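What the coordinates show
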Amino acid sequence: MKYSKNTLSRAIERNEFIPFYQPIIDPLTYNVVGCEVLARWLKPSRGLVCASDFILDVEEHGLLELLTCKLLRNMMMDLDRASSSFPSGFRVNLNVNVSLLNHENFSTYLVIINEELRRLNFSLIAEITERENIANFPEAKAIFRNMAVQGINFAIDDFGTKFANFRLVDVVKAKTLKLDKLFVNNIGDEDLERLMIKAITTAHAHGAKVIAEGIETSAQHEYAKKMNVDFVQGYLHGSPMPFELFHYRLSHPSRRYNQYMRAADYEHTYG
Ligand code: G
Ligand code: MN
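Scope of this entry: the structure provided in the associated data block.

Procedures and definitions
- Residues numbered from 1 in each chain as written.
- Chains lettered and ligands numbered in written order.
- Predicted model: local features only at pLDDT ≥ 70, side-chain atom pairs only at ≥ 80, totals over all residues.
- Heavy atoms only, no water.
- Helix = DSSP H or I, 4+ residues; strand = E, 2+ residues; numbered from the N terminus.
- Rg over C-alpha atoms; globule rule 2.2 N^0.38 Å.
- Buried < 20%, exposed > 50% of the residue type's maximum accessible area, 1.4 Å probe, protein only.
- Contact = heavy atoms within 4.5 Å.
- Areas by Shrake-Rupley, 256 points an atom, 1.4 Å probe, with all protein chains shown as cover.
- Lys, Arg positive; Asp, Glu negative; His and termini not counted.
- Charge placed at Lys NZ, Arg CZ, Asp CG, Glu CD.
- Phe/Tyr/Trp six-rings, centres within 6.5 Å; stacked < 30°, edge-to-face > 60°.
- Donors = N, O, S within 2.8 Å, 3.2 Å for Na, K, Ca; no water.
- Pairing = 2+ DSSP bridges.
- Axes fitted to C-alpha atoms, helices over the stretch in contact; angles between N-to-C directions.
- Parallel < 35°, antiparallel > 145°, perpendicular 65-115°, else oblique.
- Nonpolar A, V, L, I, M, F, W, Y, C, P; charged D, E, K, R; others polar.
- Near = heavy atom within 4 Å.
- Polar contact = N/O pair within 3.5 Å; in protein donor to acceptor, adjacent residues only side chain to side chain.
- Salt bridge = Lys/Arg side-chain N within 4 Å of Asp/Glu carboxyl O.
- Arc of directions from axis to C-beta.

Considering the overall build of the protein chain
Regarding its fold elements, the protein chain presents eleven helices and nine strands. Relative to the globule expectation of 18 Å for 271 residues, the C-alpha radius of gyration of the protein chain, 18 Å, shows essentially globular dimensions. By principal-axis analysis of the C-alpha atoms, the protein chain measures approximately 50 × 45 × 40 Å. Taken across its 271 residues, the protein chain has 50% of its residues classed as buried. Across the protein chain, every contact between residues at least 6 apart in sequence was considered, and the portion connecting residues at least 24 apart equals 67%. By element, 50% of the accessible surface of the protein chain is carried by carbon and sulfur atoms, the whole surface being about 13200 Å². The average position of the 31 basic charges and that of the 33 acidic charges among the side chains of the protein chain differ by 3 Å.

Next up, the structure:
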């Protein structure tokens, strides 16, 4: 384990975890139609730390609920003060750990955040990542049904990897599918392309939207467009960035790629 419980608790207390925002784009118009909210640790001694570096330790120490709630509160402060400049229905994608939905306090908090966002004309989408198979499907179905009744929309993250498959889509009744970057990284692989076409047509037949993730080149962008995905996300269009920059980018739209930042470079300057 890299970080002690003490270190992480103190960092949470000091509000060192802040939301970064990565644009989600309409591939036809290049309009920014939403964002994914991602946790970053602004560590005084080390600069910016990515979620993959600390999130497992946070979970292990039982601090995920506290961290997520703090992150959501910071996000609400960002979005609240700038809400009038966002188009109506702007999608706000959050990563939500399935285990947290079992906690009554957390699910109640998520429902409140959802309602607050709706009042500001944002549309919240809870991204579910399933790295392990859900142990008890009937129970999981009940939890997701209950959250859906309370107005929460779900997305399946990293579709095509591990347990993010059609069975999970059914359990979650997902309205959005996020295709893992595996697909655009392997253009020309016929098996993957068949699975991708099946995922997209199945999603569309059920009225669900599809996001292609990990778009880094214009060839990948064109491929995603040809495959009929609804939205794209990736370094080509912008890496996760602080709210001020995201807001600036939104209010200075451009049809050209990389007008304001070579996104991956930007992420690396913090590394
Ligand atoms: O699992 P999830 O899809 O939530 O992961 C999002 C992570 O992927 C973010 O931390 C972000 O930094 C990273 N990411 C975003 N866009 C790209 C991209 O175009 N290429 C790669 N390799 N990673 C990306
Ligand atoms: Mn995600």
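Back to the text.
Some thoughts on the packing of aromatic side chains
For the coordinates displayed, the defined rule picks out 13 aromatic pairs. Seen in terms of ring centroids, Tyr21 and Phe243 are 5.2 Å apart; in terms of plane orientation they differ by 70°. Their pairing is edge-to-face. Here Tyr21, found in strand S1 (residues 17-25), pairs with Phe243, found in helix H10 (residues 243-251); they are 222 residues apart in sequence, far enough to count as distant. The residues Tyr21 and Phe243 share a single accessibility class, namely buried. Aromatic rings pair up to connect Tyr21, Phe86, Phe90, Phe122, Phe243 and Phe246 into one cluster.

Some words on the coordination of the manganese ion (ligand 2)
Surrounding the manganese ion (ligand 2) are the protein donor atoms Glu36 (OE), Asn95 (OD1), Glu127 (OE) and Asp157 (OD), which sit 2.1 to 2.4 Å from the metal. Read in sequence order, the donor residues for the manganese ion (ligand 2) give the motif E-x58-N-x31-E-x29-D. In this pair, Glu36 is assigned in strand S2 (residues 32-43) and Asn95 in strand S4 (residues 90-96), connecting sequence segments 59 residues apart. For Glu36, a relative accessible area of 4% gives the class buried.

Quick word on unusual backbone geometry
Non-glycine residue Tyr30 carries a positive phi angle of around 65°. Relative to the helices and strands, Tyr30 resides in the loop between S1 and S2. Although it is not a glycine, Asn228 adopts a positive phi angle of roughly 75°.

Section: the pairing of strand S3 (residues 47-50)
Here four bridges tie S2 to S3, and the two strands are oriented antiparallel to one another. Note that in S3 the partner of Arg40 across the bridge is Cys50. Here S2 folds back onto S3 in antiparallel fashion, the turn holding three residues.

Looking at the packing of helix H3 (residues 64-82) against helix H4 (residues 104-119)
For any two helices packed against each other, the geometry is given by the interaxial angle and the distance between the axes. Look at H3 against H4: their axes get within 11 Å of each other, and the N-to-C directions meet at 10°. Classified by the angle their axes make, H3 and H4 are roughly parallel. Between H3, through Glu65, Thr68, Cys69, Leu72, Arg73, Met75, Met76 and Leu79, and H4, the contact on the second element is made entirely by Asn105, Phe106, Tyr109, Leu110, Ile113, Glu116 and Leu117. For the contact of H3 with H4, a count of residues per class yields ten nonpolar, two polar and three charged.

Quick look at the site of ligand 1
Around ligand 1 sit 16 residues, and of these Gln22, Glu36, Glu213, Glu216 and Tyr235 come closest. Within the contact set of ligand 1, a nitrogen atom lies 2.5 Å away from a side-chain nitrogen or oxygen of Glu216. Here ligand 1 has 530 Å² of accessible area as a free molecule, and 78% of this is covered by the chains. Contributions of two or more residues to the shell around ligand 1 are made by S2 and strand S6 (153-159). Residue contributions to the shell around ligand 1 peak at three residues, all from S2. Grouping the amino acids of the shell around ligand 1 by side-chain chemistry returns four nonpolar, four polar and eight charged.

Considering the pattern of salt bridges
Between side chains of opposite charge, a pair can form when the charged atoms approach closely. What the rule picks out here adds up to nine salt bridges. A salt bridge links Arg81 to Asp78, with the nearest nitrogen and oxygen atoms 2.9 Å apart. Placement of both Arg81 and Asp78 in helix H3 is noted, with a separation of three residues, approximately one turn of the helix. Judged by its relative accessible area of 54%, Arg81 is exposed. One connected set of salt bridges, linked through shared partners, spans Glu36, Glu127, Lys178 and Glu213.

What to know about helix H9 (residues 218-226)
Taken together, the buried positions of H9 are Gln220, His221, Tyr223 and Ala224. The buried residues of H9 all sit within an arc of 165° when viewed along its axis, so they share a single face. Facing away from the buried side of H9 by more than 90 degrees, the exposed set consists of Ala219 and Lys226. Phi turns positive one or two residues past the end of H9, at Asn228, with a value near 75°.

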